[in-house]
Amino acid sequence: MDKSNPRVTRTKSYLKQAIIELLKTEPFENITIKAICEKAAVNRSTFYAYYTCPRDLIEEIEKDILSKLPDYNPGGNKPFIDSITPFMQYVKDNGDTLSILLYSSADTTFGEQIVSAVMDKYNEFMSYTDPDEQALNFIFCINGVVGIVKEWIHSGYKWSVERISNFIVDMAFRSVGMNPSEQK
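Note that the coordinates shown come from a computational prediction; the quantities given were computed from them, not determined experimentally.

Moving on: the overall build of the protein chain. The helix and strand inventory of the protein chain stands at nine helices and zero strands. For the protein chain, the sequential pattern of α-helices and β-strands runs α-α-α-α-α-α-α-α-α. Partitioning the contacts of the protein chain with sequence separation of at least 6, the portion at a separation of at least 24 is 62%. Carbon and sulfur atoms make up 50% of the accessible area of the protein chain, which amounts to about 10400 Å² in all.

In structure tokens, the structure reads:
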């Protein structure tokens, strides 16, 4: 099947929305393919055309989110904050999905996957001679960011996208021993 077909895209979107809705009230272990299909108003054969099990659907949702993580070019002219702000807007726009994935039993490693993906994207950002020190600093920093994002979602986006982005960048720089005014 042509994955770029608008009908395929729409059907997969319905399935993703259905499992997210179900996760609001049910633990992942209790969600069946039948329930997903009923919620999405598609038949089981349609589900099986794209996925083999609910875990595949969750993994595709997570992959979609991880693909939205911002890139940062440490040698470029763009300030670091300009990489974070669009992602924080994405978080706000997709807060229900992120919140469910971060807090539900669907995948207890999603937060770790975010940390790992961010560490991979920003690996060049810091220059440490000790790889263990670099890894520990990034883990500390990124887990802090994940915690802030969770709190921001939980608070109902109490702070603006710009304010939370600036706070995250400021704290991230401080946690690795850099002055936030050094961000480029």
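Next up on the list: the packing of aromatic side chains. All told, the structure shown has five aromatic pairs when counted by the stated rule. Their ring planes at 90° and their centres at 5.6 Å tell us that phenylalanine 47 and tyrosine 48 sit as a pair that is edge-to-face. When the centroid spacing of 6.4 Å and the interplanar angle of 65° are considered together, the rings of tyrosine 50 and tyrosine 51 count as edge-to-face. Accessibility expressed as a relative area gives 17% for tyrosine 50, which makes it buried. A network of ring pairs unites the aromatic residues Phe47, Tyr48, Tyr50 and Tyr51 as a single cluster.

This paragraph deals with the pattern of salt bridges. As enumerated under the stated definition, the model contains five salt bridges in all. Across the pair aspartate 64 and lysine 16 runs a salt bridge, and its minimum N-O distance is 2.6 Å. Of the two residues, aspartate 64 is situated in helix α4 (residues 54-66) and lysine 16 in helix α1 (residues 6-23); the sequence distance between them amounts to 48 residues. What makes aspartate 64 partly exposed here is its relative accessible area of 30%. The exposure class assigned to lysine 16 is buried, which follows from its relative accessible area of 17%. A salt bridge links glutamate 21 to lysine 24, with the shortest nitrogen-to-oxygen separation between them at 2.9 Å. Classification of glutamate 21 as partly exposed rests on a relative accessible area of 36%. Each of Lys12, Lys16, Glu60 and Asp64 takes part in one network of salt bridges that share partners.

With that settled, the discussion passes to the layout of surface pockets. For the largest pocket, the calculated volume is near 300 Å³. Residue lining of the largest pocket: 14 residues in total, with Lys16, Ile61, Tyr90, Asn94 and Thr97 positioned closest to the centre. Of all the secondary-structure elements, those providing two or more residues to the lining of the largest pocket are α1, α4 and α6 (95-103). No other element matches the five residues that α1 contributes to the lining of the largest pocket. For the lining of the largest pocket, the per-class residue count stands at four nonpolar, four polar and six charged.

Considering every residue of the protein chain, the mean pLDDT works out to 82; 79% of them sit at 70 or more. For the protein chain, the element scoring lowest by mean pLDDT is helix α7 (residues 110-121), at 71; helix α2 (residues 33-40) scores highest, at 97.

Turning our attention to unusual backbone geometry. Its identity is not glycine, yet alanine 41 carries a phi of approximately 60°, on the positive side. Mapped onto the secondary structure, alanine 41 falls in the loop between α2 and α3 (44-50). With a phi angle near 65°, tyrosine 157 is a residue other than glycine that sits in the positive phi range. By the element assignment, tyrosine 157 lies in the loop between α8 (131-154) and α9 (161-175).

Calculation criteria
Residues numbered from 1 in each chain as written. Predicted model: local features only at pLDDT ≥ 70, side-chain atom pairs only at ≥ 80, totals over all residues. Heavy atoms only, no water. Helix = DSSP H or I, 4+ residues; strand = E, 2+ residues; numbered from the N terminus. Contact = heavy atoms within 4.5 Å. Areas by Shrake-Rupley, 256 points an atom, 1.4 Å probe, with all protein chains shown as cover. Phe/Tyr/Trp six-rings, centres within 6.5 Å; stacked < 30°, edge-to-face > 60°. Buried < 20%, exposed > 50% of the residue type's maximum accessible area, 1.4 Å probe, protein only. Salt bridge = Lys/Arg side-chain N within 4 Å of Asp/Glu carboxyl O. 1 Å grid on protein atoms, 1.4 Å probe; cavity = no way out; pocket = protein on both sides within 12 Å on 5 of 7 lines; lining within 4 Å. Points joined across faces, edges and corners; volume = space filled by probe spheres on them. Nonpolar A, V, L, I, M, F, W, Y, C, P; charged D, E, K, R; others polar. pLDDT = per-residue confidence, 0-100.

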